[in-house]
Amino acid sequence: MSEEIGEAVPQSQKSSWATFIKQIASVSGDLSSLTAPPFILSPISLTEFPAYWCERPELFAAIADTNTDEERSVAVLKWFISTLKGQYTSRNEKLGSEKKPLNPVLGELFYGYWPATATRPRTNLVVEQVSHHPPITAYYITNPDKGLTLTGHSAQKTSFSAGSIIVKQIGHAVLNVKLPSGQTEEFLITLPKLRIDGLWYGSPYIELTDTSYIQSSTGWLSTIEYKGKGYFGGKSHQFKAVLSPPGSNNAARTFEGLWHITSKETSPGRGSSILDPFTDVQGPKEEVTVAPIEEQNDWESRKLWKLVAKGIRESDFDLASREKSKIEVGILHPQ
Ligand SMILES: CC(C)CCC[C@@H](C)[C@H]1CC[C@H]2[C@@H]3CC=C4C[C@@H](O)CC[C@]4(C)[C@H]3CC[C@]12C
């Protein structure tokens, strides 16, 4: 290879980047405790990530406005696919590349909501860090007026292969939908595998791989296959989803496209006649609303990490590391 390591890495941090990559390659399981060079640190804690589930609140609410089991499974798939751009590419847009999030402390909290509008009622978010090593984040998202609750936990197991970090997501989400009949339909949502590429250059980004599922208690099943560059015609962030009816492996409906742009329905026999996009995430999304820091309690993420985040944002890494040790010491030796 003729390219020099770390094209995107500041000159002064090139050697620490090389050391960090070697460490990543030798540590397997949990990367959260590795010390990374400053340029790759994100000022945002992992406890904020569950908010990605609801940044298109109208698609979440729309799940409740369906009349048949099939329609409901389609609405859940549409909402799920529409969250992927936020979940997996938003740090590249916001921070320039994928970065190393702040590793939450045990008991760290993140509260937020999406306010009611004329077209949908309010949705609430509660997140708690329930394990520090390995990091495990639990979340609860609810739209009470629509009878929707999403409960889940998120952990990762990492390994290194061919220059990339492979992240297996441990954990899943369960979506409960209260039906007009009084019964509850349950959707079990599994999560895709991630590959973090671009490490060598110092500008990491995520590609999704393998398969994830959304299994409804009615029997409808979505099987979602992810591919990146070099498959299905060479584009990044491709998916194909097959929705099959209870008791059958046959596709009733199929969908495909780019999860960070648009996708369309390609159902057997009628795909090309469907002109409307299935998902389109090119328009703006709605970030979660969070109380001002002064009103937060000491365990709430943005208050807890306030000065560390300031240090990272302003490139004052002495401040960041001093404040980080204070948090760690405070947690280990509570008063
Ligand atoms: C960027 C390099 C240098 C350091 C590696 C940092 C690791 C720990 C980061 C990078 C990307 C991150 C993932 C990005 C997106 C999600 C989706 C969210 O719903 C759960 C957390 C999860 C799965 C993150 C877990 C932590 C993660 C894997």
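Computed from a predicted model, the values in this text were never measured in an experiment.

Q: Could you give me a rundown of the nonpolar core, with the residues and numbers involved?
A: For soluble globular proteins, the rule of thumb is that nonpolar side chains tend to be buried together. With 59 residues, the main nonpolar core has W53, W79, F80, L150 and L175 as its most contacted residues. If one sorts the elements of this core by residue count, helix 3 (residues 69–95) sits on top with nine residues. Sequence-distant contacts of L150, that is, excluding residues within four places in its chain, are made with W53, F60, W79, Y139, Y140, I141, A173, V174, L175 and I189. Formed by eight residues, the second largest nonpolar core is a distinct cluster that contains L304, I312, A320 and I327.

Q: I'd like a rundown of empty space enclosed by the protein, residues and numbers included.
A: If you roll a probe as big as a water molecule over the atoms, it shows you where there is empty space left. The tally for this structure, following the rule as stated, stands at one cavity of 30 Å³ or more. By volume, the largest cavity is sized at about 820 Å³. Along the walls of the largest cavity sit 39 residues, with L46, F49, P101, Q156 and I196 positioned nearest its centre. Within the residue set of the lining of the largest cavity, elements represented by two or more residues are helix 1 (14–26), helix 3, strand 2 (100–102), strand 5 (136–143), strand 6 (148–161), strand 7 (164–170) and strand 10 (193–197). In terms of residue class, the lining of the largest cavity is built from 25 nonpolar, nine polar and five charged.

Q: Any details on the site of the ligand? Residues and values, ideally.
A: Around the ligand, 16 residues are found, and the nearest of them are Q87, R91, S154, Q156 and Q169. Between an oxygen atom of the ligand and a side-chain N or O atom of Q87, the distance comes to 2.6 Å. Computed on the free molecule, the ligand has an accessible area of 600 Å², of which 94% lies beneath the protein chains in the complex. When atom positions are compared with the pocket grids, the ligand is found to occupy the largest cavity. Mapped onto the shell around the ligand, the elements with two or more residues apiece are helix 1, helix 3, strand 6 and strand 7. A per-element tally of the shell around the ligand places helix 3 first, with three residues. Partitioning the shell around the ligand into residue classes produces nine nonpolar, four polar and three charged.

Rules and cut-offs
Residues numbered from 1 in each chain as written. Predicted model: local features only at pLDDT ≥ 70, side-chain atom pairs only at ≥ 80, totals over all residues. Heavy atoms only, no water. Core = buried A, V, L, I, M, F, W, Y, C linked by side-chain atoms within 4.5 Å. Buried < 20%, exposed > 50% of the residue type's maximum accessible area, 1.4 Å probe, protein only. Helix = DSSP H or I, 4+ residues; strand = E, 2+ residues; numbered from the N terminus. Contact = heavy atoms within 4.5 Å. 1 Å grid on protein atoms, 1.4 Å probe; cavity = no way out; pocket = protein on both sides within 12 Å on 5 of 7 lines; lining within 4 Å. Points joined across faces, edges and corners; volume = space filled by probe spheres on them. Nonpolar A, V, L, I, M, F, W, Y, C, P; charged D, E, K, R; others polar. Near = heavy atom within 4 Å. Polar contact = N/O pair within 3.5 Å; in protein donor to acceptor, adjacent residues only side chain to side chain. Areas by Shrake-Rupley, 256 points an atom, 1.4 Å probe, with all protein chains shown as cover. Sits in = over half its atoms within 2 Å of the grid points.

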